[in-house]
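# Architecture at a glance
Each chain is listed here by its residues.
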Amino acid sequence: MHNVCDHRPLKSVPWRVRIVVGGDRLSYPDDPTSPSCGLLETKIILNSAISDAKRGVRFCTVELKDHFLGSPMQRLEYMKVPFARFPSDIVQRYNLDALKTEDGYIYIRIKKGMYGLKQAALLAYDNIVNILEPHGYYPEPNTQEIWAHKTKSIRFCVCVDDFSIKYFVTIHMNEDWSNKKEKNVCGKII
Amino acid sequence: MGNEISGELKTALAKNKIDYQLTPPHIHRRNTAERAIRTFKNHFLAGLASCNPKLSIAEWDRLIPQGVLTLNHLIHSRIKPNLSAFAYIYGIFDFNTTPLAPPGTRVVIHEKPSQRNSLIPRVKVPLKRMNKTTEHPAAHFIPTVPFPRVNHIYNEKTGKRETIDSLLNSPTRDVWIRALSNEWGRLAQGNNEGVIYQDAIDFIAKNNGDITYAQCL
């Protein structure tokens, strides 16, 4: 485990700590690679939007907040963290004194994707597939990461949790991307 | 932009009322982007030349954010010339909150009595990289600074960045303890600050029968 600290003065919470799992020391038996769009797919979507400008196309970007942490994981992972790394309020709230081992560690079960895991990107991709497919979205054949809708005129490319969406009808967009259920499943859409 | 853009792009730009200029081929001084690159390189190299000689030149890329920040303060916005380029995009920059120093300045850090022997110097002298808005209060020559800042301090002996442990022992420890608490709460099931949690981890006892293999990280 590693703590990454940064000061981001333009963010709502400038002082940030991100706990990153030591994925390099954990094994993953399957292929952890996941499809991801590249510059080519992004340019295709952008050029397509420009070309359809005369037809009234609209374009927007969407980011899923905390999407990595919201990706369920079938194969659980475990880690242990020195007890001294926990603030006192966390110790009290979770009664960590009772869980502390003799050598001064706290054991943790990881249930969802976390930064640093080898399979984190794959989990995030699977989560997106599980969310989008029931709503009629499918990956375009012969492309890396361009998605389309079966009936609506919406196309987008996705890179982990960032979407570039080309659409024509605002109502279609609001139906699928402002749904409260989606917010609960994959984090807050910002 | 280059004069080889497509007719469709020209039409789209005109329809959306986007101004553009075409440049003749092979004449970079007529190309605004190329001219901007030249300005940045001159500015960045000037900053690089002012670094402490002991700063490893391999760390040059870490100085880029500060180079961008200071250059954007020096040039005017083309849309609103009475503002700097930075102010036009991000708003007013608060120099009190995030004072700037020349890049690669050599600083000293006070070492706590519990972390040193009694007869060794009270400070250690690492190399600091000053980037965008950051600076470590414990490494600053002025002991009282109004706001906490993250450390981008590199240990002179190991060449590594200081860690969360040094932050938690710094004068700004309260801020970082709260940030760490928020992160644990976000991963687990919340904390006393009411952070939105994701329920990604559980704290478990070692002997609960779940763990079959553990590796020290």
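Just so it is clear, the structure is predicted and the values come from calculations on it, not from any experiment. (Residues numbered from 1 in each chain as written. Chains lettered and ligands numbered in written order. Predicted model: local features only at pLDDT ≥ 70, side-chain atom pairs only at ≥ 80, totals over all residues.)

## Section: the overall build of chain B
Helix and strand content of chain B: six helices and five strands. A fraction of 39% describes how many contacts in chain B between residues 6 or more apart in sequence connect residues 24 or more apart. (Helix = DSSP H or I, 4+ residues; strand = E, 2+ residues; numbered from the N terminus. Contact = placed C-beta atoms within 7 Å.)

## Notes on the nonpolar core
A general feature of soluble globular proteins is that nonpolar side chains tend to end up buried together. Met114, Phe156 and Val158 of chain A together with Trp176 and Leu187 of chain B are the most contacted members of the largest nonpolar core, which totals 44 residues. Every element with two or more residues in this core is listed here: strand 2 (15-20), strand 5 (105-112), helix 4 (120-132), strand 7 (146-149), strand 8 (154-159) and strand 9 (162-167) of chain A together with helix 6 (173-187) and strand 5 (201-204) of chain B. Per-element tally for this core: the top contributor is helix 4 of chain A, with six residues. (Core = buried A, V, L, I, M, F, W, Y, C linked by C-beta atoms within 7 Å. Buried ≥ 20, exposed ≤ 12 C-beta atoms within 10 Å, placed from the backbone.)

## Some remarks on the environment of Glu59 of chain B
Structurally, Glu59 of chain B is set in the loop between helix 2 (32-49) and helix 3 (64-74). Along the backbone, Glu59 of chain B and Gly104 of chain B are 45 residues apart, and their C-alpha atoms lie at a distance of 9.5 Å.

## Quick look at the sheet that holds strand 9 of chain A
All names here are of chain A. The sheet built from five strands is open, its strands ordered 3-9-8-7-6 with antiparallel pairing. Edge positions in the open sheet fall to strand 3 (58-63) and strand 6 (137-139), since each of these has one partner strand only. The mean inter-strand angle of the sheet, taken between neighbouring strand axes irrespective of direction, is 25°. (Pairing = 2+ DSSP bridges. Axes fitted to C-alpha atoms, helices over the stretch in contact; angles between N-to-C directions.)

## Quick word on the interface of chain A and chain B
Facing 41 residues of chain A, the contacting portion of chain B comprises 40 residues. If you list the elements that add at least two residues to the side of chain A that touches chain B, you get strand 1 (2-7), strand 2, helix 1 (39-51), strand 4 (72-82), helix 2 (88-93), helix 3 (96-99) and strand 5 of chain A. When residues in the side of chain A that touches chain B are grouped by element, the largest group, seven residues, is from strand 5 of chain A. Looking at the side of chain A that touches chain B residue by residue, the class counts come to 23 nonpolar, six polar and twelve charged. Where strand 5 of chain A lies against strand 5 of chain B, four bridges are found, and the strand directions are antiparallel. Bridging across to strand 5 of chain B, Tyr107 of chain A finds its partner in Ile204 of chain B. (Nonpolar A, V, L, I, M, F, W, Y, C, P; charged D, E, K, R; others polar.)

## Focus: the sheet that holds strand 5 of chain A
With antiparallel pairing, the three strands of this open sheet are ordered in space as 4(A)-5(A)-5(B). Each edge of the open sheet carries a strand with a single partner, namely strand 4 of chain A together with strand 5 of chain B. Ignoring strand direction, the axes of neighbouring strands in this sheet form an average angle of 25°. In terms of strand pairing, strand 4 of chain A meets strand 5 of chain A through seven bridges, oriented antiparallel. Residue pairing in the sheet places Lys80 of chain A in a bridge with Tyr107 of chain A of strand 5 of chain A.

## Brief notes about the confidence of the model for chain A
Residues and elements named next belong to chain A. On average, residues of chain A score 82 in pLDDT, and 92% of them reach the 70 mark or higher. For chain A, per-element mean pLDDT is lowest for helix 6 (residues 180-186), which scores 41, and highest for helix 2, which scores 91. Counted against residues more than four places away or in other chains, residues 180-190, with its pLDDT under 50, gives 21 contacts. (pLDDT = per-residue confidence, 0-100.)

## Let's talk about helix 1 of chain A
End to end, helix 1 of chain A covers 18 Å across 13 residues, agreeing with the expected 18 Å (1.5 Å per residue, within 8%). Looking only at helix 1 of chain A, the buried set comprises Glu41, Ile45 and Ile50 of chain A. Of the surrounding secondary structure, the elements contacted by the buried residues of helix 1 of chain A are strand 7, strand 8 and strand 9 of chain A together with helix 1 (7-15) of chain B. (Expected span 1.5 Å × (residues − 1).)

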